[in-house]
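As a plain string of letters, each chain reads:
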Amino acid sequence: MSVNVFHYGEDILSAGIALNICRKKTKGILSTSARENIRLNRHAVESIVKGHKTVYGINTGFGPLCTTLINEEDTKRLQYNLLLSHSVGVGEPVDQEISKLMLILKVHSLAKAYSGVSTELLERIIWHIDHDVIPIVPSQGSVGASGDLAPLAHLFLPLVGLGRVVYRGEELPALDVLRMYQLQPLEPGPKEGLALINGTQFMLAHGIVLLEKLQNCLDHADIIAAMNLEALMGSAKSFDEELHLLRPYPGSQYVAQRFRTLLDRSEIIHSHENCARVQDPYSLRCIPQVHGASRDAWLHLKDRLQIEMNSVTDNPVVFHELKTITGGNFHGQPLALPFDYAAVAAAELGNISDRRIYLSLCEVIPDLPRLLMKHTGLNSGFMILQYTSAALVSENKSLCFPASADSIPTSLGQEDHVSMGSIGVRKALRIVENLEKILGIELFTAAQGFEFRKPLHSGYLIDKWHEWIRQEIEFAENDRLFSPDLEKAIELIRSKKLIKRM
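The following paragraphs examine the structure supplied in this document.

1. A short note on the packing of helix α4 (residues 96-110) against helix α6 (residues 149-156)
It is at 11 Å that the axes of α4 and α6 come closest, and there the two elements cross at 90°. The angle between α4 and α6 falls in the class roughly perpendicular. Touching Ser99, Met102, Leu103 and Lys106 of α4 are Pro151, Leu152, Leu155 and Phe156, all from α6.

2. A short note on the pairing of strand β2 (residues 26-29)
Residues of β2 alternate between two faces, with Thr26 and Gly28 buried on one and Lys27 and Ile29 left unburied on the opposite face. Here strand β1 (residues 4-7) runs beside β2; their pairing, made up of four bridges, is parallel. Across the sheet, the residue bridging to Asn4 is Thr26, located in β2.

3. Comments concerning a nonpolar patch on the surface
Where nonpolar side chains cluster on the molecular surface, the patch consists of Tyr114, Phe319 and Ile325 and spans about 260 Å² of accessible area. With respect to the secondary-structure elements, Tyr114 resides in the loop between α4 and α5 (119-130).

4. So, the pairing of strand β8 (residues 317-320)
Here three bridges tie β8 to strand β9 (residues 323-325), and the two strands are oriented antiparallel to one another. In the sheet register, His320 faces β9, and the bridge partner there is Lys323. Between the end of β8 and the start of β9, which pair antiparallel, lie two residues.

5. Remarks on the nonpolar core
Tyr8 and Leu443 are the most contacted members of the largest nonpolar core, which totals 127 residues. Among the elements that make up this core, the one with the highest residue count is helix α9 (residues 201-231) (18 residues). Apart from the residues within four sequence positions on either side, Tyr8 is in contact with Ile21, Gly28, Ile29, Leu30, Ala34, Ile104, Val107, His108, Ala111, Ile126 and Ile129. Of all hydrophobic cores here, the second largest spans eight residues; its members include Trp127, Tyr167, Leu172 and Val177.

6. Re α6
Most of α6 sits out of view: eight of its eight residues are buried. Burial in α6 covers these residues: Leu149, Ala150, Pro151, Leu152, Ala153, His154, Leu155 and Phe156.

What counts and what doesn't
- Residues numbered from 1 in each chain as written.
- Predicted model: local features only at pLDDT ≥ 70, side-chain atom pairs only at ≥ 80, totals over all residues.
- Heavy atoms only, no water.
- Axes fitted to C-alpha atoms, helices over the stretch in contact; angles between N-to-C directions.
- Helix = DSSP H or I, 4+ residues; strand = E, 2+ residues; numbered from the N terminus.
- Parallel < 35°, antiparallel > 145°, perpendicular 65-115°, else oblique.
- Contact = heavy atoms within 4.5 Å.
- Buried < 20%, exposed > 50% of the residue type's maximum accessible area, 1.4 Å probe, protein only.
- Pairing = 2+ DSSP bridges.
- Patch = residues over 30% accessible without salt bridge, like charges linked within 9 Å, V, L, I, M, F, W, Y side chains within 5 Å.
- Areas by Shrake-Rupley, 256 points an atom, 1.4 Å probe, with all protein chains shown as cover.
- Salt bridge = Lys/Arg side-chain N within 4 Å of Asp/Glu carboxyl O.
- Core = buried A, V, L, I, M, F, W, Y, C linked by side-chain atoms within 4.5 Å.

Dropping the structure here:
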């Protein structure tokens, strides 16, 4: 099987490419020209050290110790100590895919040759990626500026023979795995330790996973909602193209177009065109506006991540021997705000989904029985499933307070405003994981309600989706243990199984 090649530092990195490198569908390499640029940039740092010019992080202490000069003999020890002292993260380890994405993102940033690191350092990180020797990184400890210091320090402890890694499914001391391959720990040179821990790769890696998961939820939400609209005998008029041209947000136009495709030639829609109902509840009528607004938030997040993953977020930035700039490219604010925006967008998808679940239980639509079951009383039907979705929606609301609205001074006041983007993105991922469960509940209930529209047909795609769902989850005539069905529904969302078959 052929594998695509990506050139670190030169090609444009996207979320999809980063995930493909992570999943071994693409191989990341350093080109000859990239190696030469890295060599020249490294030479600039070495010249600064030998010339005794004072440059932050190269021959000074860090943070509030920026005025403390370090002699040439101690510059290497300074970088080693930096990794040790900053490795103070706590909490459960992040997912291994996120750790690997952090490595990939860091290589791409450093390979742009503005950080003064050596080719040997980058080659060792690439070795970790290619051999799936993935560092264990605690999930808590970053405030999102000056970069993701603590988690990145843990990420790169294995380079110096410290820390622990996961290798072939087993957690091992990093030094043991290096010895298996007859490799020696690296000795970080001037500036290299600082270059490793400065940057936004922790929150950025989480953001890539968030982007993929949220897109999956958006894609499922439209189709599930369309099936539920058919079960509830909703109108297709609210998806009219001319209507949405009058308020042309990209997200709402896209969702409306999807619904026109999904409902095309639906017998169910035509069966009640002349009914007495004037208009649908908002959870049906306003699907393009609500789902579409969440899609627009997703597009904004995608755009911000694309910029960030192709940026240099180090400090100081080394242009050449005579020009180094101590700036704030490591500050996570450009990501922190979109993360909070995406969190609210995800929560709102769950909110409107729960309203449709509730509506489907209410016996307000002809031939759709109360609680989605004909013989209730003895049977509770689908009543408690909505309790679960309500609980998840409420939990998500409690998680929606923007982490970026907070800032706590650190580093003895030197770092007096921080982004909290690392907290925001972890919180957003929790919201999306809850959203997957809410959509799983709506998938389960929508499939049950849709059954009552037979023998009428919907559009081809919705009919096929219902058929595929029924291969996994049976129609419920009476109460049964619904928990296994619910787990199957949630897994159908997470696995993208139904989307992939379209």
